[in-house]
Amino acid sequence: MTDLTAVDATVAPAVKPAILPARPFFSSGPCAKPPGWSAAALATDSLGRSHRSKIGKTRLAYCIDLMRELLNLPDTHRIGIVPGSDTGAFEMAMWTMLGARPVTTIAWESFGEGWVTDAAKQLKLDPTVIRADYGQLPDLSAVDFSTDVLFTWNGTTSGVRVPNADFIPADREGLTFADATSAVFAYDIDWAKIDVATFSWQKVLGGEGGHGVLILGPRAVERLESYTPAWPLPKVFRLVSKGKLTEGVFKGETINTPSMLAVEDAIFALEWGKSIGGAAGLIARSDANAAALDKIVAERDWLGHLAVDEASRSKTSVCLTVAGADEAFIKAFAALLEKEGAALDIAGYRDAPAGLRIWCGATVDTADIAALGPWLDWAYATVKAA
């Protein structure tokens, strides 16, 4: 463990705070359940029934309709539930649509690098790769939009996001593929600039993992119906039948069997989101949480943001630096807070620089972020003293 005795940082005395966050769930995935959630509150009539029964189809379609409403998704875009969480949804898009034209991949954290690996080593497409280090955003002006472009809207493991979609031209030739799993329901997204987007319920909605959501704009549908990839497609990736999009996927007729319990859990989260004002209400809660954490960081010289540029700093997966800390220090720091029930799952991602990662999405309460500050002081002082 790093010796922190020489670190010039103001540290509060190691006096254990008296007030715990009411809900200390700060994991960046799966994330905190919505306020008021309980298993007993979930509808259960669809459980134990076929997903192809009337009630199964009705609930799946209702879930899709709620997502469309809360995302302010235009009628030009289709939205469907697919297997494999966000990873499954994004790889489904890659495997079915890439190869028609050159590819550019933009990577500034581990999940973006995963799409680089898929494009280069699995699909063997020899992509142009535009990279930046953790905490930085690449030069988006260097992107050639005559190619198909893959990017992560909000880098969950680095805390860096694209500020908006202004860097994407309206008259692009290639398709845009946005891994938006930590961005949807937290930012305004210009859907006219997005041809393909993917996410999972487990992030800003606080839902369960295992299911992905695939959004297709009209240009993506055109690609699917006019292009056949050179490689074989597994059944769970197939979106086209006899040259036409399988429209049922976007009406609740899932490719394989979904968990109706996970669907009902997602419906609960979506109805909660609707009850607080829809997209605007969800975004406002994320903004308030991020602001509360910014205040904590600003008041402590031993804490900092991994993403230095505020314009590209995440408001959901906020990644923090800790003065002088190494991986062992962060591990002890996070374990101490978990033992006290003050903060759960706040160590940074394993491939990222040693630090903290605190989820500020809409399902977290701002009061709990505010209550976290004294506990961070206590943990830092306690681990340093040890």
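In the nomenclature of an unreviewed UniProt entry, the protein is known as phosphoserine transaminase of Sphingobium indicum BiD32. UniProt, in its Sequence similarities (unreviewed entry) section for the protein, records the words "Belongs to the class-V pyridoxal-phosphate-dependent aminotransferase family. SerC subfamily." Recorded in UniProt for the protein, the comment headed Pathway (unreviewed entry) runs: "Amino-acid biosynthesis; L-serine biosynthesis; L-serine from 3-phospho-D-glycerate: step 2/3."

From N to C terminus, the protein includes eight helices and 14 strands. Its C-alpha atoms give the protein a radius of gyration of 21 Å, within 12% of the compact-globule value 21 Å for 386 residues. Principal axes of the C-alpha set define a box for the protein whose edges measure 70 × 50 × 30 Å. Of the contacts made within the protein by residues no fewer than 6 positions apart, 74% connect residues no fewer than 24 positions apart. A total of about 15,700 Å² of accessible surface is found on the protein, and carbon and sulfur atoms cover 52% of it. For the protein, the distance from the average position of its 36 positive side-chain charges to the average position of its 46 negative side-chain charges is 7 Å.

If you check helix α1 (residues 54-71), its first and last C-alpha atoms are 26 Å apart, about what 18 residues at 1.5 Å a residue would give, namely 26 Å. Along α1, the positions that sit buried rather than exposed are G56, R59, L60, C63, I64, L66, M67, L70 and L71. Axial view of α1: buried residues confined to an arc of 160 degrees, hence all on one face. On its buried face, α1 is in contact with β1 (78-83), β8 (196-200), β9 (211-216), α5 (260-275) and α6 (278-298). At the exit of α1 stands N72, carrying a positive phi of roughly 55 degrees.

When you tally the buried positions in β8, you get five out of five residues, the bulk of the element. Of the two faces of β8, both are covered, the one formed by V196, T198 and S200 as well as the one formed by A197 and F199. Pairing of strand β7 (residues 176-179) with β8 involves three bridges; the strand directions are parallel. The residue of β8 that forms the bridge with D179 is T198. As paired strands, β8 and β9 are joined by five bridges and run antiparallel to one another.

Attention now moves to the pattern of salt bridges. Scanning the entire structure with this criterion turns up 18 salt bridges. Two residues, K16 and E340, come together in a salt bridge whose shortest N-O distance is 3.2 Å. Taken together, the positions of K16 in the segment before α1 and E340 in helix α7 (residues 327-340) put the pair 324 residues apart, joining distant regions of the chain. A relative accessible area of 44% places K16 in the partly exposed class. For E340, a relative accessible area of 24% gives the class partly exposed. Between D287 and K315 there is a salt bridge; the shortest N-O distance is 3.5 Å. On the criterion of sequence distance, the pair formed by D287 in helix α6 and K315 in the loop between β12 (303-305) and β13 (317-322) is long-range, its members being 28 residues apart. Of the residues examined, D287 reaches a relative accessible area of 29% and is grouped as partly exposed.

So, about the sheet that holds β7. The pairing of strands in a sheet comes from backbone hydrogen bonds and takes either a parallel or an antiparallel form. Strand order across the open sheet formed by seven strands is β1-β9-β8-β7-β4-β2-β3, with mixed pairing between neighbours. The sheet is open, and its two edges are formed by β1 and β3 (128-131), each paired on a single side. Each neighbouring strand pair of the sheet contributes to a mean axis angle of 20 degrees, computed without reference to strand direction. Strand contacts of α1: β1, β8 and β9, with the helix running at about 125 degrees to β1, the strand carrying the most contacts. Helix α2 (residues 85-97) contacts β1, β4 (148-152), β7, β8 and β9 of the sheet and is inclined by roughly 40 degrees relative to β9.

Domain annotation of the protein identifies domain 1 (46-273) and domain 2 (278-385). On the side of domain 2, 26 residues touch domain 1, which itself brings 27 residues to the contact. Counting each side, the surface lost to burial between domain 1 and domain 2 is near 2,100 Å², with a carbon and sulfur contribution of 61%. Looking at the side of domain 1 facing domain 2, the largest losses of area belong to Y134, R161 and W272, adding up to 23% of the total buried there. The interface formed by domain 1 and domain 2 includes zero salt bridges. Counting across the domain 1 and domain 2 interface gives 11 residue pairs in polar contact (both at pLDDT 80 or more). Within the residue set of the side of domain 1 that touches domain 2, elements represented by two or more residues are α3 (110-122), β5 (154-155), β6 (160-161) and α5.

A few words now on the packing of α2 against α3. A pair of packed helices can be characterised by two numbers: the angle between their axes and the separation between those axes. Where α2 meets α3, the axes come as close as 11 Å, and the angle between the chain directions of the two elements is 40 degrees. Regarding α2 and α3, the two cross each other, and that crossing is right-handed. For the pair α2 and α3, the contacting residues are D86, T87, F90, E91, M94 and W95 in the first and W115, D118, A119 and Q122 in the second. Of the residues assigned to the contact of α2 with α3, the class counts are five nonpolar, two polar and three charged.

The interhelical angle for the contact between α1 and α5, taken along N-to-C directions, is 35 degrees, at an axis separation of 10 Å. For the element pair α1 and α5, the recorded crossing hand is left-handed. Along its contact with α1, which presents G56, R59, L60, Y62, C63, L66, M67, E69 and L70, the element α5 presents M260, V263, E264, A266, I267, L270, E271, G273 and K274. Residues that form the contact of α1 with α5 fall into these classes: 11 nonpolar, two polar and five charged.

Rules used throughout
Residues numbered from 1 in each chain as written. Predicted model: local features only at pLDDT ≥ 70, side-chain atom pairs only at ≥ 80, totals over all residues. Heavy atoms only, no water. UniProt positions renumbered as here; feature names shortened; annotations may be inferred. Helix = DSSP H or I, 4+ residues; strand = E, 2+ residues; numbered from the N terminus. Rg over C-alpha atoms; globule rule 2.2 N^0.38 Å. Contact = heavy atoms within 4.5 Å. Areas by Shrake-Rupley, 256 points an atom, 1.4 Å probe, with all protein chains shown as cover. Lys, Arg positive; Asp, Glu negative; His and termini not counted. Charge placed at Lys NZ, Arg CZ, Asp CG, Glu CD. Expected span 1.5 Å × (residues − 1). Buried < 20%, exposed > 50% of the residue type's maximum accessible area, 1.4 Å probe, protein only. Arc of directions from axis to C-beta. Pairing = 2+ DSSP bridges. Salt bridge = Lys/Arg side-chain N within 4 Å of Asp/Glu carboxyl O. Axes fitted to C-alpha atoms, helices over the stretch in contact; angles between N-to-C directions. Domains from an automatic or database assignment. Buried area = accessible area lost by both parts, 1.4 Å probe. Polar contact = N/O pair within 3.5 Å; in protein donor to acceptor, adjacent residues only side chain to side chain. Left-handed = near helix turned anticlockwise from the far one by under 90°. Nonpolar A, V, L, I, M, F, W, Y, C, P; charged D, E, K, R; others polar.

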